[in-house]
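# Fold and geometry: a report
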Amino acid sequence: MYTAAPLAPSQNKRSGRSLSWSVALNAVLGLACIAVFARGYDDIASGVTAGSRVQTSAARFTVPGGMAHSLSQAGRRAQSSVFKTRATMEATPSQGTIVDDGTVTLTRFMIEEALKSKTSGQEDMVKLITSVSVACKRIASMVQVAGIMGSTGLAEGGGSVNVQGEEQKKLDVISNDVLKSSLRSSGKLGVIASEEEDNPVVVDELYSGEYVATFDPLDGSSNIDAAISTGTIFGVFKAPEECLVGDSENLSIAEQNCLQATLQPGDNLVAAGYCMYSSSTILVMTTGNGLNGFTLDPTIGEFILTHPNMQIPKRGKIYSMNEANYFDWEPKLQNYIDNLKKGEGQSKTKYSARYIGSMVGDVHRTLLYGGIFAYPADKKNKNGKLRLLYEAAPMSMIFEQAGGKSIIGPGERVLDVQPDQVHQRVPIFIGSPDDVDEVSASLA
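A brief structural summary. (Residues numbered from 1 in each chain as written. Predicted model: local features only at pLDDT ≥ 70, side-chain atom pairs only at ≥ 80, totals over all residues. Heavy atoms only, no water.)

### Some points on the packing of aromatic side chains
What counts, and what does not: The pairing test for Phe, Tyr and Trp rings, Trp by its six-membered ring, is centres within 6.5 Å, and the orientation test on the planes gives stacked under 30 degrees, edge-to-face over 60, and tilted for anything in between. Going along the chain from the N terminus, every DSSP run of H or I of four or more residues is numbered as a helix, and every run of E of two or more is numbered as a strand. Only protein chains enter the accessibility calculation, which uses a 1.4 Å probe; a residue whose area is less than 20% of its type maximum is buried, one above 50% is exposed, and one in between is partly exposed. We call a charge positioned above a ring when the Lys NZ or Arg CZ atom is no farther than 6 Å from the ring centre and deviates by at most 35 degrees from the ring normal.
If you walk through the whole model with that rule in mind, you get three aromatic pairs. With a centroid separation of 5.3 Å and 70° between ring planes, the pair formed by phenylalanine 109 and phenylalanine 294 is classed as edge-to-face. Highlighted residues: phenylalanine 109 in helix H3 (residues 106-116) and phenylalanine 294 in strand E9 (residues 292-297), separated in sequence by 185 residues. There is no split in this pair, since phenylalanine 109 and phenylalanine 294 are both buried. Each residue in the set Tyr326, Phe327 and Trp329 is aromatic and connected to the rest through ring pairs, giving one cluster. Over the ring of tyrosine 326 we find lysine 341, and its NZ or CZ is 5.6 Å from the ring centre.

Following this line, the structure appears as structure tokens:
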């Protein structure tokens, strides 16, 4: 059997001294680790209880298992922040709250207006305006893809003419059907009058209501093939209380008279507005309590309030009219336009000319920037060209709600005109109050 050789006495002495130093050194290191760990624990506990920040210098501490970790300055800060947040959450119990992000949809706006209003019928307006907005969304969608879907061009390949003597575009007919269907489903309309229809249409008794709607389903449709802005114009009247219409094919004399409920002056309008289909789809409307504008958010399919309490500037620097008819205008109007171009009008400012040929587009710009839009009478159109019920009256209500003015001639408000025909035409001067007053004085 192998036996180890015994150590020499000198080797035993050195081994004993080494062991003693090793034990002493380990004891010192152990005490130091305990001290560091205790200090680190106190710092963390202080961060939880007092919410103070842990010292930013790096510290070493011993964790179970004997592994040494070093907390950097950023790490200590982050840990302290977590403790603070946790302590705050524990100190303040969560409470159920409703957060308003400030987004106001058309539906929310109409409901809130109905709740605030003391006028009867505001609840009906919610349904009516909602039905109009749905129609506008559908028309906007069709306009955007008209070139792709083959919806441009004339209806029936040409030859389809409305009561105005104008050739109808495909989208004229489609938009008209969309609006009629949407308004009928609101259950609040008794009569619907459209620019594209020969006569007012009676809503069947099942859906009949106490309001009358007039509209131009697609204003500026002659521009649709060129992808220029178009729009829908609408107005809403209150029908006479005694007006109840039954089967449209067998109308009594009284029921036929009810169809004349559309022949009301613009002052009787209870709501008016327009939808513009352009780079964005915008709905501008009023129910007699100010004018507000909404922009369609295609991501959620909702109109969002973007232009609250719209007000037109008192004077602008833009005039908008078809100057191709200049030599057919009366001399007083020619002189007025010449003064604007030369800067010799009341404002002594040279005006710029802007004309799209789509009333909604031209009027919307005028509403935002100020100035004047006009379609006056001329040698060819003795009574002007725009329809009173479908275009002139609704737009006039819109502008007056925004602080503007609208006249057919010196001192004659468009809203005062009593129509005697459903498709009656009138001249119009509409825009900033100072500009309309100036043209009125020039034509007097």
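### Section: the packing of helix H8 (residues 331-342) against helix H11 (residues 433-443)
For the record, the criterion: Lines fitted to the C-alpha atoms define the axes, with helices restricted to the stretch that makes contact. Angles between their N-to-C directions range from 0 to 180 degrees. For classification, angles of less than 35 degrees are called roughly parallel, those exceeding 145 degrees roughly antiparallel, those between 65 and 115 degrees roughly perpendicular, and all remaining angles oblique. Handedness of a crossing follows from how the near helix is turned relative to the far one, being left-handed for an anticlockwise turn of less than a right angle and right-handed for a clockwise one. Any pair of residues with heavy atoms lying within 4.5 Å of one another is described as a contacting pair. For this classification, Asp, Glu, Lys and Arg are treated as charged, while Ala, Val, Leu, Ile, Met, Phe, Trp, Tyr, Cys and Pro are nonpolar and the rest, including Gly, are polar.
Relative orientation of the contacting elements H8 and H11 amounts to 135°, with a least axis distance of 8 Å. If you check the angle between H8 and H11, you find them oblique. Of the two elements, H8 crosses H11, and the hand of that crossing is right-handed. Residues Lys332, Leu333, Tyr336 and Leu340 of H8 pack against Asp435, Glu438, Val439, Ser442 and Leu443 of H11. A breakdown of the residues in the contact of H8 with H11 according to their chemical character gives five nonpolar, one polar and three charged.

### Notes on the nonpolar core
Rule in force here: In these notes, a set of buried Ala, Val, Leu, Ile, Met, Phe, Trp, Tyr and Cys residues joined through side-chain atoms within 4.5 Å is what counts as a nonpolar core.
Grouped together as the largest cluster of nonpolar side chains are 42 residues, with contacts concentrated most on Tyr274, Val284, Met359, Leu367, Met395, Ile398 and Ile428. Looking at this core, the elements with two or more residues in it are strand E3 (189-194), strand E6 (230-238), strand E7 (269-277), strand E8 (281-286), helix H9 (359-369), strand E13 (372-375), helix H10 (388-401) and strand E18 (428-431). It is H10 that provides the largest number of residues to this core, a total of nine residues. With sequence-adjacent residues up to four places away left out, valine 284 is seen in contact with Ala272, Gly273, Tyr274, Leu291, Asn292, Gly293, Met310, His364, Leu367 and Ile398. Membership of the second largest hydrophobic core comes to 38 residues, among which are Met125, Val143, Val203 and Cys275.

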